[in-house]
Amino acid sequence: MENNKIAVGLDIGTTKIVAMIGRKNEYDKIEVVGIGKAKSLGVKRGVVSNITQTIQSIQQSVDEAESVSGVKIDEVVVGIAGQHIRSLHHSDYITRNNADEVIDESDIEDLVNQVHKLVMLPGEEIIHVLPQEFKVDSQADIKEPIGMYGGRLEANFHVVVGQVSSIRNIGRCVKSAGLGLSEITLEPLASASAVLSQEEKEAGVALIDIGGGTTDLAIFKDGIIRHTAVIPFGGNVITDDIKEGCSIIEKQAELLKIKFGSAWPGENKETEIVSIPGLRGREPKEITLKNLSKIIHARVQEIIEHVYLEIKNYGHETAKGKLIAGIVLTGGGSQLKHLRQLVEYITGMDARIGFPNEHLAGDSDETLSSPSYATAVGLLMEGLEKGSTIEEVEEVVEEVIDENLETIQEEVKPIEEEKQKAPKKKSFFEKFTEGLKDFLDNAE
């Protein structure tokens, strides 16, 4: 049973693939027991472009995590991003058969399932259906309708949609690497779980996750997800610009960006020069830091303006949509010097860098609290939340089998199959245990 307390987050990014194994300690904080990292070779802008290379990178990161932790990985929670992701708003309702009974989870489930049947564009699939406000009969703006009376249950939904082929390719890579796929989660939602506080989500906040190939945006207001977007630019386009602008190789451009890069050109003096070794037998190259920061500034400004346009589309300038908590920057790209100041200057909103250390145990390795691990920590949190319910159900199944193995063996089989298919919610757990108790009573 001990193994079920462990979950694995697999972040398939454009620059790196991270497998993070962890469990919750007695203080409800996450204890990371193993982490594996591999260079991502088969992913471009968040989308798998080479299946074989991606499988190899996943296996490499998983093997490393397994050897560090001594734990065998069977199932993972995977993040999905990429330029094919889009979101839309949708309203739907159900008419309840009996208005004299209170609304329960099964009613909300029926409503969510109805939204899942929406007809999408050819080749698209719904990834998430996230309820926002509910309306019971004529009473609007209800956050939690469970326990209320009403005949008509209506809700506004935030629906996240992606391309079927891209989702399947990720699934195939994970399965071919010998792993089970317990869940696919939108990466900006995972990053948000790791770096945002509940107060920020209530006040209104925009999370900007600057990765290698994409920049992900998630906007929260009144504690509810309001808008998501994936912008197909990230840290790699900055590196490419440095490579072209300074006529150097990619490896050198990446090192220059990390070590000397700044998003604010005014910071460097004309006299500050860095020397780059020349290629085999050639003279070294001298690059002024002012020129370097001008190249970085131009590209970063473009990324931020794209994101700010999405924030405006959400309705940030309206009184109702105002984001009081401003902007939280995370992801590997957020570590660029003076980025926060540039974001504040362009958007006129407060900004901070988001670190995922709040949810990690106190004795965790310092490198884990880097913004570049925010998505992996968020996916691990997602896996642990889902894992607890599976564990409880499995404990009940074990007890029942021990008590009356022969009689109920045939009966448990379909229930076990159902357990795999059913959405893992507490309501299911309760129904399941009640069903087993009834069965045992009858068997006796």
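Residues numbered from 1 in each chain as written. Predicted model: local features only at pLDDT ≥ 70, side-chain atom pairs only at ≥ 80, totals over all residues. Heavy atoms only, no water.

**Q** Just checking my understanding: could you explain the overall build of the chain for this structure?
**A** What the chain contains, in helices and strands, is 12 helices and 18 strands. The buried share of the chain, taken over its 444 residues, is 50%. When contacts within the chain are restricted to residue pairs at least 6 apart in sequence, long-range pairs at least 24 apart make up 67% of them. Of the accessible surface of the chain, which amounts to about 22100 Å², a share of 47% is contributed by carbon and sulfur atoms. (Helix = DSSP H or I, 4+ residues; strand = E, 2+ residues; numbered from the N terminus. Buried < 20%, exposed > 50% of the residue type's maximum accessible area, 1.4 Å probe, protein only. Contact = heavy atoms within 4.5 Å. Areas by Shrake-Rupley, 256 points an atom, 1.4 Å probe, with all protein chains shown as cover.)

**Q** Explanation requested: the packing of aromatic side chains in the structure shown.
**A** The geometry of an aromatic ring pair is captured by the separation of the ring centres together with the interplanar angle, meaning the angle of the planes. In total, this model carries one aromatic pair according to the counting rule given. When the ring of Trp 264 is compared with that of Tyr 345, the centres are 5.5 Å apart and the planes differ by 85°; the resulting orientation is edge-to-face. Linking Trp 264 in the loop between α7 (250–260) and β15 (273–276) with Tyr 345 in helix α9 (residues 339–347), this pair joins segments that are 81 residues apart in sequence. What makes Trp 264 partly exposed here is its relative accessible area of 31%. Over the ring of Tyr 93 we find Arg 152; its NZ or CZ atom is 3.8 Å from the centre of that ring. The ring centre of Phe 220 lies 5.0 Å from the NZ or CZ of Lys 201, which sits over that ring. (Phe/Tyr/Trp six-rings, centres within 6.5 Å; stacked < 30°, edge-to-face > 60°. Lys NZ or Arg CZ within 6 Å of the ring centre and 35° of its normal.)

**Q** So what exactly am I meant to see when it comes to unusual backbone geometry here?
**A** Phi is mostly negative for residues that are not glycine, and the peptide bonds are mostly trans. Look at Asp 141: it is not a glycine, yet its phi comes out positive at around 55°. Within the secondary structure layout, Asp 141 lies in strand β9 (residues 139–142). The residue His 338 is not glycine, and still its phi comes out positive at about 65°. Within the fold, His 338 resides in the loop between β17 (327–330) and α9.

**Q** What exactly am I supposed to notice about the confidence of the model for the chain here?
**A** For residues with low pLDDT, the predicted coordinates do not support detailed interpretation. Averaged over every residue, the pLDDT of the chain is 82; residues scoring 70 or more account for 85%. The spread of mean pLDDT over the elements of the chain runs between helix α11 (residues 405–421), the lowest at 50, and β17, the highest at 93. The low-confidence segment residues 388–408, where pLDDT is below 50, has 35 contacts with residues more than four positions distant or belonging to other chains. (pLDDT = per-residue confidence, 0-100.)

**Q** Where do I start with the nonpolar core in this structure?
**A** In summary, soluble globular proteins display a tendency toward joint burial of nonpolar side chains. Counting 56 residues, the largest nonpolar core has Leu 10, Ile 12 and Ile 58 as the members making the most contacts within it. If you tally residues by element for this core, the top one is helix α10 (residues 374–403), at six residues. Beyond its immediate sequence surroundings of up to four residues, Ile 58 is in contact with Leu 10, Ile 12, Ile 17, Cys 173, Val 174, Ala 177 and Leu 179. Core analysis: the second largest hydrophobic core is formed by 39 residues, Ile 238, Cys 246, Ala 253 and Ile 311 among them. (Core = buried A, V, L, I, M, F, W, Y, C linked by side-chain atoms within 4.5 Å.)

**Q** Which parts of the structure should I look at to understand a negative patch on the surface?
**A** On the surface, a cluster of negative charge is contributed by Asp 100, Glu 101, Asp 104 and Asp 110. For Asp 110, the location among the structural elements is in helix α2 (residues 105–116). The class of Asp 110 is partly exposed, set by a relative accessible area of 43%. (Patch = residues over 30% accessible without salt bridge, like charges linked within 9 Å, V, L, I, M, F, W, Y side chains within 5 Å. Salt bridge = Lys/Arg side-chain N within 4 Å of Asp/Glu carboxyl O. Lys, Arg positive; Asp, Glu negative; His and termini not counted. Charge placed at Lys NZ, Arg CZ, Asp CG, Glu CD.)

**Q** For this particular structure, what's the right way to read the sheet that holds strand β13 (residues 215–221)?
**A** Picture the strands of a sheet paired through backbone hydrogen bonds; they go either parallel or antiparallel. Strand order across the open sheet formed by five strands is β14-β13-β12-β17-β18, with mixed pairing between neighbours. Whereas interior strands pair on both sides, the edge strands pair on one side only; in this sheet they are β14 (224–231) and β18 (351–353). With strand direction ignored, the average angle separating the axes of adjacent strands in the sheet is 20°. The pairing of strand β12 (residues 205–210) with β13 spans six bridges and is antiparallel. (Pairing = 2+ DSSP bridges. Axes fitted to C-alpha atoms, helices over the stretch in contact; angles between N-to-C directions.)

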